[in-house]
Structures are given as structure tokens and as C-alpha cells.
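Topology and contacts: notes
Here is how the chains run, residue by residue.
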Amino acid sequence: MIIAIDGYSACGKSTLAKEIAKRLNFVYIDSGAMYRAITYYFQNNNTDINDPAAIEQELNKIHIEFIPGEHLRILLNQKDITDEIRSPAISELVSEVAAISSVRKKMVQIQREISKDKSVVMDGRDIGSVVFPDADVKLFVTADLDTRTWRRHEELKSRGIDIDFSKVKENLIKRDQMDSTRRDSPLIKAPDAYVLDNTKLGKEEQTKLALEIIRNKSHIPNTN
Ligand code: DC
């Protein structure tokens, strides 16, 4: 069974996806972390992201793996880069990298492979529209921009990253714009996705609402 969760940057979809996966005992896959990992690799290997041949060559050298657990870890060629990929420098570049078709092709292939024969909750931008158009349940999460900025700013602060509120906001606006206007699989709400606006909802409230939608759609018994 596949639950697809899409939405704008910092709308809380990862928090929601993680919680749903935990309660339903599904595997959680953070597709955004994969685009961040590729960006990290390109940055550290000085890959020219405007050179398709160089990108193609580098993509063949990349191995991405998730280590499930209380805190999902991501390994890039066996190196744990979970914390590094959350830096503002990666957030600045990631939408540009995510717009490259060969990168997307490779990521979608890995996303489908690692979900094979599993019950999965995957979050991202194109999960319900492109990666799993036949997903059992699709959610499209939204929240207003100031709420999203505040949440991301708090998250960065809690990790010791000191950055202006306005800079965080600027980055979210820029990424949303790039993610929704790129040619290859832009961020869109799949026609059959449920919109979940969590601007005024706490974590528990939005989880309950999402679980209700999932149960109505998929006949999962109510055990939580
Ligand atoms: O979810 P996130 O903010 O960590 O994602 C980082 C970037 O990766 C985001 O700006 C757009 C891109 N992305 C994407 O294009 N497709 C996905 N399925 C997930 C993320």
C-alpha cells in the first residue's frame, strides 16, 4: 500500500508522513532528502550542474540508502549525511538540482524500487502525480507562508543554525516558485488528492485528520 504526501516547502508534510508511518507501521521515505543528497554530492564534487554529460556520469556513482528508525538516516555512498543536507547552503541549491530531468529520472526509479512490495508513506512534490499516480491515498498538505516560515525558522534554530526569518521566507518563496514552475514534474496537487491545510492545526490534530482520510479510503482498521 502506498500513501503519497505532497506539498510546498516546510508545510509540515515530513512531520505528518513520519507520524503516519509510525502509527500504521509503514516504511517512511523522505524523497526530498534524496534530492538534497544529490545536491550535497554535486556540491562536494564540484559537479557542473549545467553539464548534462557530467551529471549523467556522476549519477552513476551515487548510491542512496535509508536507515529506518526513530530518526530516519540517509546514507550517500555509505556516508551518513542526514544533518549536512539540512544546511541553508543545500536548501539554496536543491530546487535547481531537482529541476534536472536526468536527476529526477534516477530518483523516481530509486523511489519505486525501494517501495516495491512494501507499505510505504512517501512525501515530496510529485509523489501522487508522477512517482505513484496509483497511490492508495494521496494527501496534499498546505499551510500559509508565515506559518511555514516560522516553523522552518524554529527548526533551524533548534539545530543551532542562526538565520534571519526573512532569509528563511525568501528561500521558501524561491523554492516554491521553482518547484511549481519547472518543466519536469512540477509540484501540483493530483486531481484525486485530499487537501489538508494545517495552518491552524497542531501535530496531533493533523495526524488524526490524515488517519481518518486514510482509513476512509483504504479500510485500515482503527487501532490508534
Ligand atoms: O522536502 P524538501 O524541502 O526537503 O525537498 C527539497 C527539495 O527537493 C524541494 O525544494 C524540491 C525537491 N523535491 C522534488 O523536486 N521532488 C520531490 N519528490 C521531493 C523534493
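A brief report on the enclosed structure follows. Small disclaimer: the values here were computed from a predicted structure and weren't measured. Along each chain, residues carry numbers from 1 onward, in the same order as the chain's sequence is written. A pLDDT threshold of at least 70 governs which residues receive local features in this predicted model, and a stricter bar of 80 or more applies before side-chain atom pairs are shown or counted, although totals over entire chains, interfaces and linings include all residues. Think of the side-chain values as coming from all heavy atoms in the structure, minus any hydrogens and water.

Bringing the side chain of Thr-82 into the picture now. The way it works is that DSSP assigns letters per residue, a run of H or I at least four long becomes a helix, a run of E at least two long becomes a strand, and they are numbered from the N terminus. Within the secondary structure layout, Thr-82 lies in the loop between β5 (79–80) and α4 (88–98). Taking the relative accessible area as the measure of exposure, Thr-82 reaches 12% and is therefore buried. A distance of 3.4 Å separates polar atoms of two side chains, one belonging to Thr-82 and the other to Arg-73. A 3.5 Å cut-off defines polar contacts: any pair of N or O atoms within that distance qualifies, except that in protein one atom must be a possible hydrogen donor and the other a possible acceptor, and neighbouring residues in sequence count only when both atoms are side-chain atoms. There is a polar contact of 3.0 Å between the side chain of Thr-82 and the backbone nitrogen of Ile-74. Residues contacting Thr-82, with those up to four places away along its chain left out, are Leu-72, Arg-73 and Ile-74. Exposure categories follow from relative accessible area, calculated using a 1.4 Å probe and restricted to protein chains: below 20% of the type maximum is buried, above 50% is exposed, and the middle band is partly exposed. Only heavy atoms enter the contact rule, under which two residues are in contact if any of them lie within 4.5 Å.

Hydrogen bonds along the backbone pair up the strands of a sheet, which may run parallel or antiparallel. With antiparallel pairing, the three strands of this open sheet are ordered in space as β3-β4-β5. Lying at the two open borders of the sheet, with one neighbouring strand each, are β3 (64–67) and β5. As judged from the four bridges shared by β3 and strand β4 (residues 73–76), these two strands associate in the antiparallel manner. From the neighbouring strand, Glu-65 faces β4, where its bridge partner is Leu-75. What counts as an axis is a line fitted to C-alpha atoms, over the stretch in contact for a helix, and the angles between N-to-C directions run from 0 to 180 degrees. The strands that helix α2 (residues 31–44) touches are β3, β4 and β5; relative to β4, the one it contacts most, it runs at about 35 degrees. Should DSSP find at least two bridges between two strands, the strands are taken to pair.

This paragraph deals with the pattern of salt bridges. Salt bridge, as used here, is a side-chain nitrogen of Lys or Arg placed within 4 Å of a carboxyl oxygen of Asp or Glu. Using the criterion set out here, one finds 17 salt bridges in the structure. As a salt-bridge pair, Asp-179 and Arg-125 come within 3.6 Å of each other at their nearest N and O atoms. In this pair, Asp-179 sits in helix α8 (residues 165–181) while Arg-125 sits in the loop between β6 (120–124) and α6 (127–131), placing the two residues 54 residues apart along the sequence. A residue is classified by how much of its surface remains accessible, and Asp-179, at 4% relative accessible area, is buried. Looking at Arg-125, the relative accessible area reads 13%, which means it is buried. Between Asp-146 and Lys-169 there is a salt bridge, with the nearest N and O atoms lying 2.8 Å from each other.

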